[in-house]
Amino acid sequence: MAAVPQPALPTQTETLQPTETSSASDPPQRSGLPGRVGTGLIVLLVVGALLFYGTPGADLARYALFLALGVVMPGTLVHRALRGPMESWLSDLSLGAATGLALGLVAWAAASLADVRSVLWAWPVLTLAVLFSPGARARIRARPRRRWPAGPTLVVTLACLAVGWQLAWTFLSVYDLPPSGRPYYPDLLWHLGLAAEATRAFPLGTPQAVESGLLHYHWFSNAHVATTSLMTGIDEPTIMLRLWLLPMGMVFVGMTAALTERVSGRPWAAAGAAVIAIPVVTYAPWPYVVMPLGQLSGNSPSQLFAYPMILLTVHALVDVVRGRLPLAGALAASLIGAVGASGSKASALPVILGGLALSSVAALAQRRRRRLLLVVTAIAALMTALALRLVAGGNSGSGVQFLSVLSWKDPYRLLVSARPNLHTPYLGGLVDKPGFGLSMGAGLMMATLFGAVRSLAFVVPVLQRRLRRDLAAWLLAGICASAFVPFFLLAHDGYSEVYFIYGTVPVGAALWLWSVSELVTSTRTRPVVVISTVAVVVAATTWLGLRASAGRAPTNAGQMRPRFDTFLLQSAVLAAVVVLGVGLALVIRRRAGRPAFVTVLLIALLSPVAGALVVQSSHPLRQQASTVSDPALVSQGRAAAWIRANVPSSALLATDTHCLSGSGLKCNSRRWWLSGLSGRRVLLESWSYLPEAAHVGFRDVALYNLNQRAYTAPTPDGLSQLRAKGVGWLVSERVEARNGLKPVSVSPRLAELATKRYDDGTIAVYELR
């Protein structure tokens, strides 16, 4: 299959030309039979999976209409008006969807400030204003010139189907719609509470502890769920637990392909990048040593929403650093994406800033577009600083510890310490473990780099002259490289530093496939030789991986020791393969020239991880789902449904139970079912994610005591103090004394001073008079 040639880079003295697109008079391109079949299969999978896992059909129909008319249509209009059509329909619609998601946030904020949320459904009509500009209208009417061949189209279709299967198997099958007797991941309930808050407030407060003031967290994904709910009338749990998940996975695949197509100009490279970006297990041959990566997980709505924002920004910045016209449109699109990324994930803008910084250094060295890139980098730095202060919180529990992330691995937990000390300057036990010495630190570092191999693509511009001359390659390389700084320097109780690497996975995939596409099309070595070499390496590493992956998960140091020793031995063998490959590359360079040299060198460097995709299935993807229905959890869901139906959405509630385990002010306080499932604010529900409570527990002892006395020793004066704070309803939960929980003994007098409105034997709801 002939590859699309890459246009020559403009030199400093060349005149920049507009993006080549078809004119309005050109006959429109058909999507082709492969495209139509692929789209049909994807829609069939999404609709079938959602209906199978209990999504109401009416809600599914309304959500489909919202996606088409409230996200893709307005976003595509605006993006085309700014930048014109892209290389293919896949890129056009993916970028349009990402733009629509970002613009929806702006519309939601404006409607919230003006208190006209009831007409938010009409905001897409405003985007029709771009049709009044003749230039924008011409760009909108133009069509992509390229129709993808059947092969890449099929590969992208399979990538979308794989993502759909993965998310359905690891999320939809694990979490039911409420009421459910199966437990929810606590953070999902936290996010649901924020989504409900976004339907009634801007800026957001903290619905789980209202007296803590404004929310210090990245909440744009929750605002998107709120926007969807306000425009469709669908409740937030149905959106977050069902409807939005699979479409966001498809946008991830499409945006990865769009970025790769933009930088490489080759559909088959775009399809390849879409495939290698999706595995949650980067290198499965050594399970329990190389940890799985969960970059595509419904348990992190913020990361799912951050991907289209990051990729929209980077895609537009590629045109900026290349000086591709229309430059103003690319700058505007990158600004839209950056605004969306600013509050989507705290790790989003810093890595983009790192990419701009490295591309600015390259521009200074190459004496091309220096002023423009320095100005754009300065603006990105200002936006990052403002975002981290205003809308990109979520760093509670973070500190600084060199190589802290290595303690995330099972070998460290079983061989060194089950409870790592994350509050020292550097992680202990890496080089002084008896019987291991330096091999412990070296092996854990090797395992960590295997997991982050897609982000290691920052080495590409150093190795390839063709990419070294392209500032876009330095932009992508800087994004990947900058992620490793916080990845290895920060320490977080929940290892949230891994999100810096997660955010660069699609960017690294695009850079790797861009590199491979350049090698295959420009090297003197025949493509069949390159492909055959890669196939042999994949087969070899797959065989090693399957041999090493047998057996159950280690539960103690004695079981982990042979696994870790096997990993070190095989890593040494693969390192020898790399050394031999580099040596062979040096010989080839002398005899065949630079292109063949770079080809063999990159194959040698990638050989230790080439079997990742093939052996993905050897590692279990599915999360642990409970098969037993807990009556207490069913009661929570039913009580929350009653509250939604009978308590005003603006009401403030109180509860007497705050901990998942333990008791008192320093417990594991992540009990968020009341705010999450009922969608109501709570005076004091749980506090573990409050910045001031990350390490020391809840500090407002007086508020805690006032809240608890309302149940254990209620008095007219005490209840009046709660009323003065806005509390109108009290929720009492009878829990079992397990995991350190201490049930609250509710005084019989509470029923005399307040009106009991609901009681199912487990949960009671009182209305204050």
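Quick caveat: nothing in here was measured; it's all calculated off a predicted structure. (Residues numbered from 1 in each chain as written. Predicted model: local features only at pLDDT ≥ 70, side-chain atom pairs only at ≥ 80, totals over all residues. Heavy atoms only, no water.)

Visitor: Would you mind showing me how to read the pairing of strand S3 (residues 652-655) here?
Guide: Remark: a regular strand shows side chains that alternate across the two faces of the sheet. Going residue by residue along S3, you find Leu652 and Ala654 tucked away on one face and Leu653 and Thr655 tucked away on the opposite face as well. Of the strand pairs in this sheet, S3 and strand S4 (residues 681-682) are connected by 2 bridges, and their pairing is parallel. What sits directly across from Leu653, in S4, is Val682. The parallel pair S3 and S4, bridged by helix H26 (residues 673-678), forms a crossover whose chirality is right-handed. Pairing of S3 with strand S5 (residues 727-733), which is carried by 4 bridges, proceeds in the parallel orientation. Note on S5: the bridge partner recorded for Leu652 is Val727. (Buried < 20%, exposed > 50% of the residue type's maximum accessible area, 1.4 Å probe, protein only. Helix = DSSP H or I, 4+ residues; strand = E, 2+ residues; numbered from the N terminus. Pairing = 2+ DSSP bridges. Right-handed = clockwise from strand over helix to strand, strands pointing away.)

Visitor: Which parts of the structure should I look at to understand the pattern of salt bridges?
Guide: Counted according to the given criterion, the structure contains 20 salt bridges. Notably, a salt bridge pairs Arg182 with Asp176, separated by 2.9 Å at the nearest N-O pair. Because the salt bridges share partners, they merge into one network encompassing Arg83, Glu87, Arg262 and Asp319. (Salt bridge = Lys/Arg side-chain N within 4 Å of Asp/Glu carboxyl O.)

Visitor: What exactly am I supposed to notice about helix H12 (residues 301-322) here?
Guide: Turn by turn, an α-helix covers 3.6 residues, leaving residues three or four places apart pointing in a common direction. Over its 22 residues, H12 extends 33 Å from the first C-alpha to the last, a length consistent with the 32 Å expected when each residue adds 1.5 Å. One or two residues past the end of H12 sits Gly323, with phi positive at roughly 70°. (Expected span 1.5 Å × (residues − 1).)

Visitor: Can you walk me through the sheet that holds S3 in this structure?
Guide: Pairing between the strands of a sheet is mediated by backbone hydrogen bonds and can be parallel or antiparallel. On the basis of which strands lie adjacent, the open sheet formed by 5 strands has the order S4-S3-S5-S7-S6 and mixed pairing. Looking at which strands have only one partner, the edges of the open sheet turn out to be S4 and strand S6 (754-759). Contacting S3, S5, S6 and strand S7 (763-768), helix H25 (residues 631-646) runs over the sheet at an angle of about 25° to S7. Each of S5 and S7 is contacted by helix H28 (residues 716-724), which is oriented at about 115° to S5, the strand it contacts most. (Contact = heavy atoms within 4.5 Å. Axes fitted to C-alpha atoms, helices over the stretch in contact; angles between N-to-C directions.)

Visitor: Where do I start with the packing of helix H7 (residues 186-198) against helix H8 (residues 220-232) in this structure?
Guide: Axis angle and axis distance: for two packed helices, these are the angle between their axes and the distance between the axes, and together they describe the pair. Axis separation between H7 and H8 bottoms out at 8 Å; the angle between their running directions is 55°. Taken together, the axes of H7 and H8 lie oblique to each other. The element H7 and its partner H8 pack so that their crossing is right-handed. Touching His191, Leu194, Ala195 and Ala198 of H7 are Asn222, Ala223, Val225 and Ala226, all from H8. Grouping the constituent residues of the contact of H7 with H8 by class yields 6 nonpolar, 2 polar and no charged. (Parallel < 35°, antiparallel > 145°, perpendicular 65-115°, else oblique. Left-handed = near helix turned anticlockwise from the far one by under 90°. Nonpolar A, V, L, I, M, F, W, Y, C, P; charged D, E, K, R; others polar.)

Visitor: Looking at this structure, I do not really get the confidence of the model for the protein chain. What am I missing?
Guide: Low-pLDDT stretches of the model should not have their predicted coordinates read in fine detail. On average, residues of the protein chain carry a pLDDT of 84, and 82% of them reach 70 or more. A low-confidence stretch, residues 1-31 stays under pLDDT 50, and its non-local contacts, those more than four residues away or across chains, total 55 contacts. Within the model, the stretch residues 607-622 combines pLDDT values under 50 with 51 contacts to residues more than four positions away or in other chains. (pLDDT = per-residue confidence, 0-100.)

Visitor: What exactly am I supposed to notice about the environment of Ser675 here?
Guide: Looking at where Ser675 falls in the secondary structure, it is placed in helix H26. Separated by 467 residues in the primary sequence, Ser675 and Gln208 have C-alpha atoms spaced 6.2 Å apart. Once residues within four sequence positions are removed from consideration, Ser675 is found in contact with Gly193, Pro207, Gln208, Arg680, Val682 and Glu685. A distance of 3.5 Å separates a polar side-chain atom of Ser675 from the backbone oxygen of Trp672. (Polar contact = N/O pair within 3.5 Å; in protein donor to acceptor, adjacent residues only side chain to side chain.)

Visitor: Could you clarify how one ought to interpret the pairing of S6 in this entry?
Guide: Of the strand pairs in this sheet, S6 and S7 are connected by 5 bridges, and their pairing is antiparallel. The residue of S7 that forms the bridge with Ala754 is Leu768. Between S6 and S7, which pair antiparallel and follow one another directly, the connecting turn spans 3 residues, one of which, Gly761, has a positive phi of 95°.

Visitor: Looking at this structure, how should I read the packing of aromatic side chains?
Guide: As enumerated under the stated definition, the model contains 22 aromatic pairs in all. With centroids separated by 6.0 Å and ring planes inclined at 25°, the aromatic side chains of Phe484 and Phe488 adopt a geometry described as stacked. Highlighted residues: Phe484 and Phe488, both in helix H20 (residues 471-489), separated by 4 residues, approximately one helical turn. Its relative accessible area of 9% is what places Phe484 among the buried residues. Of the residues examined, Phe488 reaches a relative accessible area of 13% and is grouped as buried. One aromatic cluster in this structure is built from Trp108, Phe202, Trp219 and Phe220. The ring of Tyr499 carries the charged tip of Lys345 above its face, separated from the ring centre by 3.7 Å. (Phe/Tyr/Trp six-rings, centres within 6.5 Å; stacked < 30°, edge-to-face > 60°. Lys NZ or Arg CZ within 6 Å of the ring centre and 35° of its normal.)

Visitor: Could you clarify how one ought to interpret unusual backbone geometry in this entry?
Guide: Across the chain, the bulk of peptide bonds are trans and the bulk of non-glycine residues have phi less than zero. Put simply, Phe202 and Pro203 share a cis peptide bond, and its omega is -5°. If you trace the backbone, Pro203 turns up in the loop between H7 and H8. Note that the residue after Leu325, namely Pro326, is joined by a cis bond; omega there is 0°. Here Pro326 lies in the loop between H12 and helix H13 (327-342).

Visitor: How should I be thinking about the state of the cysteines in this particular structure?
Guide: Joining two cysteines, a disulfide is a covalent bond between their sulfur atoms. Applying the stated criterion to the full structure yields 1 disulfide. Here Cys659 pairs with Cys667 through a disulfide, and the sulfurs are 2.0 Å apart. Every disulfide takes its handedness from the sign of the S-S torsion; for Cys659 and Cys667 that torsion is -75°, giving left-handed. Since its relative accessible area comes to 7%, Cys659 is described here as buried. (Disulfide = S-S within 2.5 Å.)

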